[in-house]
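Take a look at the letters that make up each chain.
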Amino acid sequence: MNAPAHEPLAIESANPAEAGGPVCGYARAIAVLVLALAVLGAIPGITSNYSQMGFYSSEANLFGLFRTSAVVIAVQVLFGLAILAFSGSPRQAHKVVVWVALAYLAAGLGGAGLMVNASRTDLPVNAASNWLHLALFVVILAGAWRSRKKHVEELGVF
């Protein structure tokens, strides 16, 4: 009797469900974006007025436009790491990306409220940062919805 021939094992699986599919890939891309923003905010030259960066209150501006501080950078790092930590499971990845998007919505609306209602604030807010947070909310949430839809179309389940 002849022994059955065995095919060599593939290094990477061709099954997208095993790699997490579109949702996990999207979550990892968002994590890279968020971590990149954090790293860029910590680089003098890319961040103007870097010497005036404080823990909460700050005059430092990423790209000379978006107000940043040590707390903002730390929160960005935590968001990025949280997304990466949960990006192995499609459901968990989707949930954490939606929560991060909602946090950006809160930051944008909260910053706008502080600018209108507070004569002085110790948080680094300006109009450009508020618009950036609102834009990130829309883009991240729309991408999460699209990647979930694509995941269901490709794999049939979520």
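For the structure, check the block above.
So, here's what we can say about the structure. (Residues numbered from 1 in each chain as written. Predicted model: local features only at pLDDT ≥ 70, side-chain atom pairs only at ≥ 80, totals over all residues. Heavy atoms only, no water.)

**Some thoughts on the pattern of salt bridges**
Point 1. In this structure the tally under the stated criterion is one salt bridge.
Point 2. Two residues, E59 and R67, come together in a salt bridge whose shortest N-O distance is 3.9 Å.
Point 3. Accessibility expressed as a relative area gives 41% for E59, which makes it partly exposed. (Salt bridge = Lys/Arg side-chain N within 4 Å of Asp/Glu carboxyl O. Buried < 20%, exposed > 50% of the residue type's maximum accessible area, 1.4 Å probe, protein only.)

**What about helix α5 (residues 127–155)?**
Point 1. The terminal C-alpha atoms of α5, which comprises 29 residues, lie 42 Å apart, in line with the 42 Å expected from a rise of 1.5 Å per residue.
Point 2. Among the residues making up α5, those that are buried are S129, N130, H133, L136, F137, I140, G143, A144, S147 and H151.
Point 3. Downstream of α5 by one or two residues, G156 has phi in the positive range, about 80°. (Helix = DSSP H or I, 4+ residues; strand = E, 2+ residues; numbered from the N terminus. Expected span 1.5 Å × (residues − 1).)

**Let's talk about the environment of S87**
Point 1. By the element assignment, S87 lies in the loop between α3 (70–85) and α4 (90–117).
Point 2. When the C-alpha positions of S87 and G25 are compared, they lie 7.8 Å apart, and in sequence the two are 62 residues distant.
Point 3. If sequence neighbours within four positions are ignored, S87 has contacts with C24, A27, R28 and A93. (Contact = heavy atoms within 4.5 Å.)

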